[in-house]
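Working through the structure, step by step
So the chains spell out like this:
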Amino acid sequence: MAGAPVTAASRLDTLTSWHADWSGVRVAVLGLSVTGFSVADTVAELGAEVLVLTENADEEYATLLPVIGAALHLGPLDALPAALTDFAPDVVIASPGFSPRHPVIEAVRDAGIALWGDVELAWRVRDKVLRADGTPAEWVLVTGTNGKTTTTRLAATMLVEGGLRAAPCGNIGVPVLDAVRDPLGFDVLVVELSSHQLWYLGLQSGPEPLSPHAAVCLNLADDHLEWHGSFEAYRDAKAVVYRHTKAACVYNKADAATLRMVEEAEVVEGARAIGFDLGVPGPSDLGVVDGILVDRAFLEERRTSALELTTVADLAARDLAAPHVVANILAASALARSLDVAPAAIRTALENFTLDPHRIQVVGRAGGVVWVDDSKATNPHAAASSLAAYPGAIWVVGGLLKGVDIGELVATRGGRAKAVVVIGVDRTAIVAAFQRHAPEVPLIEVDHAQTESVMARAVQAAGEVARDGDVVLLAPAAASFDQFASYADRGNKFAAAVKDWIERNAGGGSHPDTPGDTSGH
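Quick caveat: nothing in here was measured; it's all calculated off a predicted structure.

What follows is about the overall build of the protein chain. A count of helical and extended segments in the protein chain gives 20 helices and 20 strands. Taking 24 Å as the expected radius of gyration for a compact globule of 521 residues, we find that the protein chain reaches 25 Å, a close match to that expectation. Each of the three principal axes of the protein chain carries a C-alpha extent, and together these read 95 × 60 × 40 Å. Here the protein chain holds 521 residues, and 55% of them are scored as buried. Counting contacts in the protein chain only where the partners sit at least 6 residues apart, residues at least 24 apart contribute 66% of the total. When the accessible surface of the protein chain is totalled, it reaches about 20,900 Å², and 51% of it is carbon and sulfur. Here the protein chain contributes 40 positive and 65 negative side-chain charges, whose respective centroids are spaced 4 Å apart.

See the structure below:
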């Protein structure tokens, strides 16, 4: 009697290992950025038939595709292209920039074609390089509206200091597929996941779903609403991070939404909920007691004892004591402790840790004024954390708001600013929010027509207001793409403008008698 016919779906269910038979599987890859190329390179190496579809192709990647044996379709993707239909893919693997409402994504789902993200593929082939005991690396997942990259780097640094081979990867810049295929192998992968990647992971239906050792959602606030369509959809995507967690679901006690995610998640039996915040910790939490960061979760006597990790004073000596950074340190410590990293190793890791550029980075000091670059604060939630760390700052704000209402941020934080310098092509919403919620705060607009010199003009405006003891804080609460190539480009231009301002006004403090004065009085 003949067996059941092999369908595309049934064959895909067998592809749960690097060593499975991927030959002849037709894989369409949407997008050719860093992630898209890592997908194409992986499935080509596995022996699949690969077609990459993209509207724009980096010349380097486009040149490499025929070398690895993949075909390229370059053209509009505002509708389902004939090239994709003719290819008849068994599975489509989309780069995370393709939203659920993208016409090609909608067409693929309507046609019943399997749709993966790069993270699902990486999980399926995670056994390419094994640990000494013959098992794949453990995965630790990190997401949240803000603090993802800092926490991912912190956790990886702590794990390495604890003697484990660990690597930060995912949305942090190194595709998870590149980490999985690294021939040296790892004990732990600390995977930063965006809400976009988690939405695709939420579609996972194979026989072996991703099951991390530990996971954290650091916080939740409005962001990427234009991609997800609603806050509820954004929240549901973030919640995927906790699915099938084996050991520790780490959540933010100061953010009730993250606790609800843990309570609603389907996890492996025995997984623990581990809380963190800046208050006194309970018996399954990490927190702060009398200026000491402590662990009351990962020790036998947790109802009566705590383990010291570090102190706020020690963190302050390394510019790591801003409240939101301390919270990230506690979250990362919980992840590391779930893998038995000793408190002493965590303490040592923190002694050598520095924040990424453009994350509350001091870029200048002169005339008693401190200039701080937090260009990575690309949404109101991140900017609120920055403003909490520097109350009364001269606030440089503005850019592409991504559909988010900035009114609440201005109402809760804006009134404490000494002055506000507004940048961005469209400044209407921010100006209106200050007129409504904080009309007493001096406000200076920087005309968008001066895009090339916008940051120089913003720094000059802030410098003319600043006096001894002030902080000038770039915390835009918005994306950068209306006037800059990236948040890093925005931060770099801010730092360069600050350096130029200080040099031009050397000897005269940060507030020359005449704007633009270069006399060095």
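This next bit is on the packing of aromatic side chains. Throughout the structure, instances matching the rule amount to nine aromatic pairs. Joined through ring pairs, the aromatic side chains of W199, Y200 and W227 make up one cluster. Positioned above the aromatic ring of W123, the side-chain terminus of R126 is 3.8 Å from the ring centre. When the ring centre of F298 is taken as reference, the NZ or CZ atom of R272 above it lies at 5.4 Å.

Turning to the sheet that holds strand β1 (residues 26-30), a few remarks are in order. Here five strands make up an open sheet; going across it, the order is β3-β2-β1-β4-β5 and the pairing parallel. The open sheet is flanked by β3 (71-74) and β5 (114-116), the only strands paired with a single partner. Averaged over all adjacent pairs, the angle separating strand axes in this sheet is 20°, with direction ignored. Two elements, β1 and strand β2 (residues 49-54), share five bridges in a ladder whose sense is parallel.

A word on the nonpolar core. Counting residues in hydrophobic clusters, the biggest one holds 72 residues, and the most contacted among them are M158, F276, L286, I329, W395 and I406. Sorting elements by how many residues they give to this core places helix α14 (residues 323-337) first, with ten residues. Ranked by size, the runner-up nonpolar core spans 59 residues in total, among them A44, I93, F186 and A215.

Let us now look at the pattern of salt bridges. Close approach of charged atoms allows side chains of opposite charge to pair. Applying the stated criterion across every chain, the model contains 19 salt bridges. Ionic pairing is found between R124 and E120, a salt bridge with its closest N-O pair at 3.1 Å. Taken together, the residues R124 and E120, both in helix α6 (residues 118-124) and four residues apart, mark about one turn of the helix. On the basis of relative accessibility, which here comes to 6%, the residue R124 falls in the buried class. When the shortest N-O distance is used, the salt bridge between R359 and D374 registers 2.7 Å. Taken together, the residues span a long stretch of sequence, with R359 in the loop between α15 (343-351) and β15 (361-366) and D374 in the loop between β16 (369-373) and α16 (380-389) at a distance of 15 residues. Of the two residues examined, R359 and D374, each falls in the buried class. Through salt bridges with shared partners, one network takes in D41, E45, D178 and R181.

Conventions adopted
- Residues numbered from 1 in each chain as written.
- Predicted model: local features only at pLDDT ≥ 70, side-chain atom pairs only at ≥ 80, totals over all residues.
- Heavy atoms only, no water.
- Helix = DSSP H or I, 4+ residues; strand = E, 2+ residues; numbered from the N terminus.
- Rg over C-alpha atoms; globule rule 2.2 N^0.38 Å.
- Buried < 20%, exposed > 50% of the residue type's maximum accessible area, 1.4 Å probe, protein only.
- Contact = heavy atoms within 4.5 Å.
- Areas by Shrake-Rupley, 256 points an atom, 1.4 Å probe, with all protein chains shown as cover.
- Lys, Arg positive; Asp, Glu negative; His and termini not counted.
- Charge placed at Lys NZ, Arg CZ, Asp CG, Glu CD.
- Phe/Tyr/Trp six-rings, centres within 6.5 Å; stacked < 30°, edge-to-face > 60°.
- Lys NZ or Arg CZ within 6 Å of the ring centre and 35° of its normal.
- Pairing = 2+ DSSP bridges.
- Axes fitted to C-alpha atoms, helices over the stretch in contact; angles between N-to-C directions.
- Core = buried A, V, L, I, M, F, W, Y, C linked by side-chain atoms within 4.5 Å.
- Salt bridge = Lys/Arg side-chain N within 4 Å of Asp/Glu carboxyl O.

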